[in-house]
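# A look at the structure
Chain residues, written in single-letter form:
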Amino acid sequence: MEILAFGVQADEKPLIERAFQGHHEVRGLHVFLNEDTAPIAAGHEVISTSVNCDLGAGVLESLAAGGTRMIAQRSTGFNNVELKTAERLGLTVARVSSYSPHSVAEFAWALAMAVNRRIVRASTRTRDFDFRLDGLMGRDMHGRTAGVIGTGKIGEAFTRIAHGFGMRLLGWDVAENPACRDLGMTYVPKEQLLAESDLVSLHVPLLPETLRLIDGAALRTMRDDAILVNSSRGGLVDTAALVAELRAGRFTGVGLDVYEAEAGLFFLDKSLEAIEDDTLARLVTFPNVLVTSHQAYYTADAVGQIIDTTVANVLDYTEGRRSENVLVPRS
Ligand SMILES: NC(=O)c1ccc[n+]([C@@H]2O[C@H](COP(=O)([O-])OP(=O)(O)OC[C@H]3O[C@@H](n4cnc5c(N)ncnc54)[C@H](O)[C@@H]3O)[C@@H](O)[C@H]2O)c1
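What you see is a predicted model, and the numbers here were worked out from it, not measured in a lab.

### Details of the side chain of S97
- Position of S97 relative to the elements: it lies in the loop between β5 (92-94) and α4 (101-116).
- Under the relative-accessibility criterion, S97 is labelled buried at 7%.
- Of note is the side chain of S97, whose polar atom sits 3.3 Å from the side chain of E324.
- A polar contact of 2.6 Å, which involves the side chain of S97, links it to the side chain of N325.

### Section: the pattern of salt bridges
- Going through the model one piece at a time under the given rule, you end up with 18 salt bridges.
- With a shortest N-O distance of 3.3 Å, R139 and D225 are connected by a salt bridge. With a gap of 86 residues between them, R139 in the loop between α5 (119-127) and β6 (145-149) and D225 in the loop between α9 (216-221) and β10 (227-230) connect regions that are remote in the sequence.
- The class of R139 is buried, set by a relative accessible area of 17%.
- By relative accessible area, D225 is classed as partly exposed at 30%.

### What about the site of the ligand?
- Near the ligand you find 22 residues, and of these Y99, K153, I154, D173 and S231 are the closest.
- G152 places a polar main-chain atom, nitrogen or oxygen, 3.2 Å from an oxygen atom of the ligand.
- At 3.4 Å, a backbone N or O of V174 approaches a nitrogen atom of the ligand.
- Taken by itself the ligand offers 870 Å² of open surface, and the protein chains cover 85% of this.
- The class makeup of the residues in the shell around the ligand is 10 nonpolar, seven polar and five charged.

### Side note on the domain arrangement of the protein
- The assigned domain composition of the protein is domain 1 (2-99 + 299-328) and domain 2 (101-291).
- Relative to domain 2, the C-alpha centre of domain 1 lies at a distance of 30 Å.
- The partner domain 2 presents 10 residues to the 13 residues of domain 1 that form the contact.
- For the domain 1 and domain 2 pair, buried surface summed over both sides reaches about 960 Å², with 56% attributable to carbon and sulfur atoms.
- When residues of domain 1 are sorted by the area they lose upon contact with domain 2, N52, N79 and Y99 head the list and together hold 48% of the total.
- Across the domain 1-domain 2 interface, the total number found is zero salt bridges.

Conventions and cut-offs
- Residues numbered from 1 in each chain as written.
- Predicted model: local features only at pLDDT ≥ 70, side-chain atom pairs only at ≥ 80, totals over all residues.
- Heavy atoms only, no water.
- Helix = DSSP H or I, 4+ residues; strand = E, 2+ residues; numbered from the N terminus.
- Buried < 20%, exposed > 50% of the residue type's maximum accessible area, 1.4 Å probe, protein only.
- Polar contact = N/O pair within 3.5 Å; in protein donor to acceptor, adjacent residues only side chain to side chain.
- Salt bridge = Lys/Arg side-chain N within 4 Å of Asp/Glu carboxyl O.
- Near = heavy atom within 4 Å.
- Areas by Shrake-Rupley, 256 points an atom, 1.4 Å probe, with all protein chains shown as cover.
- Nonpolar A, V, L, I, M, F, W, Y, C, P; charged D, E, K, R; others polar.
- Domains from an automatic or database assignment.
- Contact = heavy atoms within 4.5 Å.
- Buried area = accessible area lost by both parts, 1.4 Å probe.

Following this line, the structure appears as structure tokens:
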């Protein structure tokens, strides 16, 4: 059988092809799945999708009409998939429920430290042989307070690094993680975490309850000199409200690996186009903001695990097995 994989990065292509060898043919497409590209899937029983593919009702209807029966999502988050519609249409959906949480946690720290120590600005200056330090002053992390919103697998890995820096640890989650408590984390109400943290890092999934968790009120609760890092999902932050706070001169730094309107932009080369998204365009003009293109997971280790699990998910489907990765089982 030929599996059609959408949203495949150039680095990923040979890895996917090698992983499926001996099992199935795979055709990796650079394009993302959406209403326009869904017809390409016609005749493919199994497709694979990535985080910025649109798996809303319309696209799922179109896939089902074209003969697709199984979707293997190559990510942990599945907020882009309308599971109820998939179930109604008899589409099996699987995801990668876990892979190296260190990939994302380490990247979140890279963002935090880059904005704290002005690394991007420093690099731009030294390339220009401008060796002044003016404006590059950062702060020690040691002794400061890290607020971790969501202390699951990634939040825990982030907390271990914060512990290594010698930080005071505050956490907020619906379920407390004993490993984080053992590191000295104190679970507090969200407002207290926001008010007391020098660094706030987001690691909860995007759900109806967490949509715009960091809204204008939450941002105003944060310290003026705080650092905010979002490596989870863009929809957790009200970006327009964030821009308003940044315009007011607040926050030492903001590191965003995700953006609520990233679909159609992130992973693509838009360098020669007029950017229509004024919020994103404004965001990247702030000297204390660093935006990356949803790359926190992008390590050889994590991508290898994602691909291996995707192959296993497809084989589970073809051979009639269930696993914890299945979001909508085979009907
Ligand atoms: N930027 C990237 O490349 C990238 C890669 C992988 C994952 N992610 C994001 O990171 C998120 C976290 O991943 P993980 O592996 O740590 O997941 P996880 O399931 O291990 O942890 C999520 C935590 O959030 C908590 N939580 C869930 N709903 C909550 C709510 N309503 N209020 C408060 N806490 C709540 C859970 O109790 C859990 O502790 C994913 O959902 C995904 O959105 C981003």
